[in-house]
2 protein chains.
Amino acid sequence: MSIQSVYRKELFDIPSDILYLDGNSLGPLPKGAVERASQVIKSEWGGELIKAWNSADWISLPKKVGDQIAPIIGAPAGSVATGDTLSIKVYQALAAALKMRPDRKIIVSDNGNFPTDLYMAQGLIGTIDKGYELRTPAPEDVADSITDDVAVVMLTQVDYRSGRMHDMSEITRKAHEAGAVMIWDLAHSAGAVPLDLAGCNAEFAVGCTYKYLNGGPGAPAFIYVRPDIIEDIQPALAGWMGHDAPFAMELDYRPAMTTERMRVGTPPIVQLSILQEALKAWEGVEMEDLRAASIALSELFIREVEQRCPQLSLASPRDPDSRGSQVSFAFDHGYPAMQALIERGVIGDFRAPNIMRFGFTPLYLNEGNVVAAAKIIEDVINHDLWQNPKYQIKSRVT
Amino acid sequence: MSIQSVYRKELFDIPSDILYLDGNSLGPLPKGAVERASQVIKSEWGGELIKAWNSADWISLPKKVGDQIAPIIGAPAGSVATGDTLSIKVYQALAAALKMRPDRKIIVSDNGNFPTDLYMAQGLIGTIDKGYELRTPAPEDVADSITDDVAVVMLTQVDYRSGRMHDMSEITRKAHEAGAVMIWDLAHSAGAVPLDLAGCNAEFAVGCTYKYLNGGPGAPAFIYVRPDIIEDIQPALAGWMGHDAPFAMELDYRPAMTTERMRVGTPPIVQLSILQEALKAWEGVEMEDLRAASIALSELFIREVEQRCPQLSLASPRDPDSRGSQVSFAFDHGYPAMQALIERGVIGDFRAPNIMRFGFTPLYLNEGNVVAAAKIIEDVINHDLWQNPKYQIKSRVT
């Protein structure tokens, strides 16, 4: 069966006593990562020193990793640059997009966007200081907010709290009809749902690789630029690694004629190498099969939890077609309840004010795991185990 | 003897057949790095998964590493933020500095600055698009270029090619007299020369950690902000990790009241951990002792090379007080000569158009190494070994 074809838990090192429903926040350790990191650190850095930029081909690593990400997000080879953090990539995309519509001043996002995207937009607006306006309607009002004076529409496809999913092709079409530039943040999409960036025709997409792509804590981000516009992009973050000839040491910036112009500084070789290793897990994965498995798992989870715990109310869309690869439940005691679950090996996470969030990652989760997790949730909720005072203390990262 | 007190080669893993005179480009492998990376990847990421942000205290790592860097650059604890690349940190500092002088439009740098600093300035100028002007006089003309209409003076203290060193305190004083904001790039200074950021009173400093600080390829950068101005800084790159309450998920950016406001996105935990390990090598190092050792090594190198190879002409200041921790020689056949040296185990690097550059790093180099390297240089130059056709082919990274 095709759904089984994506299950490959043997490629990951996951503690046997953990039911990990948080791969949408930090993916688990791919088995090859430790060895690969050791090799890069000990043999390449330690043994080759500066020569490794050539001998170990570090210099090509950002492009190679971009080319591994491209098929997962429905993008052509050569259209994805890697490096930096997602926040930085948001800034790059937005700054470039605004330059493409010099006569317009409005940026449309939504109030379900991940905050850093909005913060980066606010920082850019403050830097340019020419009266740009960031509008954040409710997600369901975005389509109607795309008026003919909008410069850029910048949205995260899958809501980080609820899992609600925007229709990429429909909103992109609407943005283009209004003459706006489209930017998609794929943080909760890449490796979670099938994507057709080339088909939807959006100008920019950005994303991170430590969630569904399992690149490790603080793994580098990526940016996609539609190939037909790359030569006209004016990079705000005009770093030497995006220069057409970085080692010519010219005094003036002259951008590379490819997506590489979206690179900035010296790439994080160790983390990029781990990411490259992690992306091997995607070889042979058909995204449609992955999506079918994801829906099967999340539907099963909703059924099981709703039957067992009427106190929890579904905070994700009930229609799987409108939902990414996560399921959230609202519960007023969500914070201590999540701590109690984590202590029992069911790892999800909490998002203020009352969201218990669970991610479904068919590469290493199966139906048995989902039922087992639901039973533990039932135990914690129905026996009020979350009332234990030790679960009330808020840690810094929640 | 105090110079000996800084020599600690036993802390590094350097191939025995290599004389490494390129620690100013990529520092060598600290012995603890492999084990530390393995622990972070296998035990923390693999074993703790998302919980490691708290249980392994990943969340505090950027600040802890900043506090390790602070004493090396003469800055108080709490004044240094880490993350991103040096290019990004240049952009942050410059954008913030320009906001501090809204009525001025001139940025003074110099034509010896590392190109990415100039490129980032050009990118920022293009983004703001309000007539800012970047002036790049010759390094020796910088002081006279700081007129009363200059907004920001942005310089790299030690020239990446020649090793020529600006007088930080004198130029900062001059900048402040003219009402300008001062930014120092310490890429070739941090871990190389004694620095007194607090004393020189500059508003900003930035630097990288993969050179003299031995943080590994693509290690995170740092930024210093003078503590008395941090609360007024308007971050251009307003990422969630610089927010006062990153996990409150507020819709509006509200910067942290500390240097942490210069952070942007999710930190690269693996590379930061390696850097943290690498910085242990600096415990007990007195920077004045290191500087004395560096001068002794570089003076010896100049004497030895000049005696042996009259074909090479010194391209660094002869006065050690005007020179960082590197020595450069100009040689028309510098590129193939450097390839020939590298094949013989003497690793320096080449910088266009004709510079052979050698770095002196007293943590793991001694006088015997310097003499041995000079003898091999003599062999390559005086026997024209660089004429071998195989050394003429330019690799991508030179």
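The model shown is predicted, which means the values in this text are computed figures rather than measured ones.

**So, the domain arrangement of chain A**
Accessible area lost upon the coming together of the parts is a frequently used measure of interface size.
Residues and elements named next belong to chain A.
Piece 1. As far as domains go, chain A holds domain 1 (4-30 + 286-391) and domain 2 (33-282).
Piece 2. Averaged C-alpha coordinates put domain 1 and domain 2 at centres separated by 28 Å.
Piece 3. Counting from both sides, the interface comprises 33 residues of domain 1 and, opposite them, 25 residues of domain 2.
Piece 4. Interface area, domain 1 with domain 2, both sides summed: about 2,200 Å², of which 62% is carbon and sulfur.
Piece 5. The largest share of the area that domain 1 buries against domain 2 comes from Pro30, Met287 and Gln326, three residues that together contribute 23% of it.
Piece 6. Across the contact surface, domain 1 and domain 2 share zero salt bridges.

**A word on the interface of chain B and chain A**
Piece 1. Opposite the 87 residues of chain B that make contact, chain A presents 87 residues.
Piece 2. With both chains or domains summed, chain B and chain A bury close to 7,500 Å², and 67% of this area falls on carbon and sulfur atoms.
Piece 3. When the buried area of chain B at its contact with chain A is split by residue, Trp45, Tyr119 and Met249 of chain B rank highest and sum to 11% of it.
Piece 4. For the pair chain B and chain A, the number of links is four salt bridges.
Piece 5. In this structure, Asp129 of chain A and Lys130 of chain B form a salt bridge, with 3.7 Å as the shortest nitrogen-oxygen distance.
Piece 6. Run the count over chain B and chain A and you get 32 residue pairs in polar contact (both at pLDDT 80 or more).
Piece 7. Looking at the side of chain B that touches chain A, the elements with two or more residues in it are strand 3 (29-30), helix 1 (33-48), helix 2 (52-55), helix 4 (86-100), helix 5 (115-128) and helix 9 (269-278) of chain B.
Piece 8. The element contributing the most residues to the side of chain B that touches chain A is helix 5 of chain B, with 11 residues.
Piece 9. Broken down by class, the residue content of the side of chain B that touches chain A amounts to 48 nonpolar, 26 polar and 13 charged.

**What to know about the packing of helix 1 of chain B against helix 9 of chain B**
All names here are of chain B.
Piece 1. Orientation of helix 1 relative to helix 9, taken along the N-to-C sense of each, is 145°, at an axis distance of 9 Å. Seen along the crossing, helix 1 lies across helix 9 with a hand that is right-handed. On helix 9, the residues that touch Ala33, Arg36, Ala37, Val40 and Ile41 of helix 1 are Ile269, Val270, Ser273, Ile274, Gln276 and Glu277.
Piece 2. The class makeup of the residues in the contact of helix 1 with helix 9 is seven nonpolar, two polar and two charged.

**A look at the sheet that holds strand 4 (residues 80-82) of chain A**
Two orientations exist for strands paired in a sheet by backbone hydrogen bonds: parallel and antiparallel.
Residue and element names in this part refer to chain A.
Piece 1. Overall, mixed pairing links the seven strands, which are arranged 4-10-9-8-7-5-6 in an open sheet. Of all strands in the sheet, those with a lone pairing partner are strand 4 and strand 6 (133-135), marking the two edges. The mean inter-strand angle of the sheet, taken between neighbouring strand axes irrespective of direction, is 20°.
Piece 2. The sheet contact formed by strand 5 (residues 106-108) and strand 6 spans three bridges and is parallel. Looking across to strand 6, one finds that Ile106 is bridged to Glu133.
Piece 3. Taken strand by strand, helix 4 (residues 86-100) contacts strand 5, strand 7 (150-156), strand 8 (181-185), strand 9 (204-207) and strand 10 (222-225), and its axis lies near 170° from that of strand 9.
Piece 4. Of the strands in this sheet, strand 7 and strand 8 touch helix 7 (residues 168-177), which is tilted by about 155° from strand 8.

**What to know about the pattern of salt bridges**
Residue and element names in this part refer to chain A.
Piece 1. Inspection of every chain in the model, using the stated rule, returns 44 salt bridges over all chains.
Piece 2. In this structure, the salt-bridge partner of Asp228 is Arg226, at a minimum N-O distance of 2.7 Å.
Piece 3. Take Arg226: its relative accessible area is 14%, and that puts it in the buried class.
Piece 4. Linked by salt bridges that have partners in common, Arg36, Glu277 and Lys280 make up one network.

**Regarding the sheet that holds strand 10 (residues 222-225) of chain B**
All names here are of chain B.
Piece 1. In space, the seven strands of this open sheet follow the order 4-10-9-8-7-5-6, with mixed pairing throughout. The open sheet terminates on both sides in strands that have one partner only, identified here as strand 4 (80-82) and strand 6 (133-135). Adjacent strand axes in the sheet meet at a mean angle of 20°, parallel and antiparallel pairs treated alike.
Piece 2. Here strand 5 (residues 106-108) pairs with strand 7 (residues 150-156) via three bridges, running parallel. Looking across to strand 7, one finds that Ile106 is bridged to Val150.
Piece 3. In the packing of helix 3 (residues 61-69) onto the sheet, the strands contacted are strand 4 and strand 10, and the crossing angle to strand 4 comes to about 130°.

**Some words on the relation of the copies chain B and chain A**
Piece 1. Between chain B and chain A, which share one sequence, the superposing operator has a rotation angle of 180° and an axial displacement of 0.0 Å; the RMSD is 0.0 Å. These values place the two chain copies in the arrangement generated by a two-fold rotation axis. Within chain B, Ile128 of chain B has its C-alpha nearest the rotation axis, a separation of 2.3 Å.
Piece 2. By residue overlap, the copies meet face to face through one surface: 100% of the interface positions of chain B are interface positions in chain A.

**Structural notes on the environment of Ser79 of chain A**
Residue and element names in this part refer to chain A.
Piece 1. Here Ser79 lies in the loop between helix 3 (61-69) and strand 4.
Piece 2. Overall, the relative accessible area of 2% leaves Ser79 in the buried class.
Piece 3. When the C-alpha atoms of Ser79 and Gly284 are compared, they prove to be 21 Å apart, with 205 residues separating the residues in sequence.
Piece 4. Apart from the residues within four sequence positions on either side, Ser79 is in contact with Ile223, Tyr224, Val225, Pro227 and Thr259.

**Considerations on helix 12 (residues 367-382) of chain A**
Residues and elements named next belong to chain A.
Piece 1. Given a rise of 1.5 Å per residue, 16 residues ought to cover 22 Å, and the 22 Å separating the end C-alpha atoms of helix 12 matches this to within 8%.
Piece 2. Of the positions making up helix 12, those classed as buried are Asn369, Val370, Ala373, Ala374, Ile377, Val380 and Ile381. End-on view of helix 12: buried residues confined to an arc of 135°, all on one side of the axis.
Piece 3. Of the surrounding elements, those touching the buried residues of helix 12 are strand 2 (19-20), helix 10 (287-308), helix 11 (334-343), strand 13 (346-347) and strand 15 (355-359).
Piece 4. One side-chain oxygen at the N-terminal end of helix 12 lies 3.1 Å from the backbone nitrogen of Gly368; it belongs to Asn366.

**Comments concerning the environment of Gly345 of chain A**
All names here are of chain A.
Piece 1. Its location among the elements puts Gly345 in the loop between helix 11 and strand 13.
Piece 2. For the pair formed by Gly345 and Asp17, sequence separation is 328 residues and the distance between their alpha carbons is 6.2 Å.
Piece 3. Here Gly345 is in contact with Asp17, Ile18 and Leu19, once residues within four sequence places are set aside.

**Some words on the packing of aromatic side chains**
Piece 1. Applying the stated criterion across every chain yields a total of 23 aromatic pairs over all chains.
Piece 2. Taken together, a centroid distance of 5.3 Å and an interplanar angle of 65° make the contact between Trp240 of chain A and Phe247 of chain A edge-to-face.
Piece 3. Seen in terms of ring centroids, Phe301 of chain B and Phe358 of chain B are 5.0 Å apart; in terms of plane orientation they differ by 55°. Their pairing is tilted. Here Phe301 of chain B is found in helix 10 (residues 287-308), whereas its partner Phe358 of chain B is found in strand 15 (residues 355-359), with 57 residues between them in sequence.
Piece 4. By way of ring pairs, the aromatic residues Phe114 and Tyr160 of chain A together with Trp240 and Phe247 of chain B are connected into one cluster.
Piece 5. Between the NZ or CZ atom of Lys105 of chain B and the centre of the ring of Tyr132 of chain B, over which it lies, the distance is 4.8 Å.

Conventions and cut-offs
- Residues numbered from 1 in each chain as written.
- Chains lettered and ligands numbered in written order.
- Predicted model: local features only at pLDDT ≥ 70, side-chain atom pairs only at ≥ 80, totals over all residues.
- Heavy atoms only, no water.
- Domains from an automatic or database assignment.
- Contact = heavy atoms within 4.5 Å.
- Buried area = accessible area lost by both parts, 1.4 Å probe.
- Salt bridge = Lys/Arg side-chain N within 4 Å of Asp/Glu carboxyl O.
- Polar contact = N/O pair within 3.5 Å; in protein donor to acceptor, adjacent residues only side chain to side chain.
- Helix = DSSP H or I, 4+ residues; strand = E, 2+ residues; numbered from the N terminus.
- Nonpolar A, V, L, I, M, F, W, Y, C, P; charged D, E, K, R; others polar.
- Axes fitted to C-alpha atoms, helices over the stretch in contact; angles between N-to-C directions.
- Left-handed = near helix turned anticlockwise from the far one by under 90°.
- Pairing = 2+ DSSP bridges.
- Buried < 20%, exposed > 50% of the residue type's maximum accessible area, 1.4 Å probe, protein only.
- Least-squares fit on C-alpha atoms with pLDDT ≥ 70 in both.
- Expected span 1.5 Å × (residues − 1).
- Arc of directions from axis to C-beta.
- Phe/Tyr/Trp six-rings, centres within 6.5 Å; stacked < 30°, edge-to-face > 60°.
- Lys NZ or Arg CZ within 6 Å of the ring centre and 35° of its normal.

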